[in-house]
Amino acid sequence: MAKPGVAVPSKIRESTRFYPYFKDCIGAIDGTHVPAIVYGRDVSSYRNRHGIISQNVLAACTFDLEFIYILSGWEGSAYDSKLLNDALTRRNGLKVPRGKTFLVDCGFPYRRQFLAPFRGVRYHLQDFGGEGRHSENTRELFNLHHVSLRNVVERIFGIFKSRFAIFKSAPPFPFRTQAELVLACAGLHNFLRKECRSDEFPIEPDDEDSSHPSLLTETEDEVDVLQTQEEQRENANEWRNSLAQEMWRDALNEENGN
């Protein structure tokens, strides 16, 4: 797996849309579903919201389209937030360097280490396309820049599934092997990115976005139970608000030629 560096990623550093607002971001996190073959009493728990038997796979990636971390083998019905909690509590699990953050969508618990978009306003790229559909306030502008940067995780899923066509259908192996196959192919993907830099094939669309409604609405976060977690979310909200206000102010200054 790739190791996130301490330097600001070039994709952020070289863009006025992203720098300096996202300078502490080292990558993006999301979940995707891979068709699976499961037998026995537990088969129903592997049925995802589309009615397909699958394993839910959590991935963290860099902005250079390399995997940082993969957690495979979870039931298709499991929420992404549950996978993230498992990844963080494993002995060799996902580590977030001090002062750094990953971009996530609203399917994950919001913390300083996991920067999510604002709920209740437009988020997806297609929501901002077309004449007269530009961002209209601080939150929409933040969401537009957030999704433009977080989109890297959707791209890596598309490349991964196109490169390894075995995942177009359920691999005919025992389930443990199916889960390990995802890990092995993620390692191969990273090797090919480093050595070949070639992704010249059609990218499979990945439609497993857990925040699929165009207008994000408030829902109860199943993870926020303890007061300390609530305090973490409040601190993260203050930080996100300050980033959004800074973006909006800079955009207005640029528009006015200041």
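Refer to the preceding data block for the structure.
Scoring rules and cut-offs
- Numbers given for residues are sequential positions, taken from 1 along each chain in its written order.
- For a predicted model such as this one, the threshold for reporting local features is a pLDDT of at least 70, and the threshold for listing and counting side-chain atom pairs is 80 or more; totals across whole chains, interfaces and linings nevertheless cover every residue.
- Excluded from the side-chain calculation are hydrogens and water; included are all heavy atoms of the structure.
- For two strands to pair, DSSP has to find at least two bridges joining them.
- Labels follow the DSSP assignment, with helices taken as runs of H or I lasting at least four residues and strands as runs of E lasting at least two, numbered in each case from the N terminus.
- Salt bridge criterion: a side-chain nitrogen from Lys or Arg within 4 Å of a carboxyl oxygen from Asp or Glu.
- Think of it in three bands: with a 1.4 Å probe and only protein chains considered, a residue is buried below 20% of the maximum accessible area for its type, exposed above 50%, and partly exposed in between.

One open sheet holds the five strands; their spatial order is β3-β2-β1-β4-β5, and the pairing between them is mixed. Across the chains shown, the open sheet's two edge strands, defined by having one partner strand only, are β3 (67–75) and β5 (114–115). Pairing of strand β4 (residues 101–103) with β5, which is carried by two bridges, proceeds in the parallel orientation. Across the sheet, residue Leu-103 finds its bridge partner in β5, namely Leu-115.

A few words on the pattern of salt bridges. In a structure, side chains of opposite charge can pair up when their charged atoms sit close to one another. Scanning the entire structure with this criterion turns up nine salt bridges. Close ionic contact of Glu-140 with Arg-122 constitutes a salt bridge, the shortest N to O distance being 2.6 Å. Of this pair, Glu-140 sits in helix α3 (residues 138–150) while Arg-122 sits in the loop between β5 and α3, placing them 18 residues apart in sequence. Judged by its relative accessible area of 15%, Arg-122 falls in the buried class. The partner of Arg-150 in a salt bridge is Glu-154, with the nearest N and O atoms 3.4 Å apart. No difference in accessibility class separates Arg-150 from Glu-154, as the two residues are buried. One salt-bridge network, in which partners are shared between bridges, spans Asp-30, Arg-150 and Glu-154.

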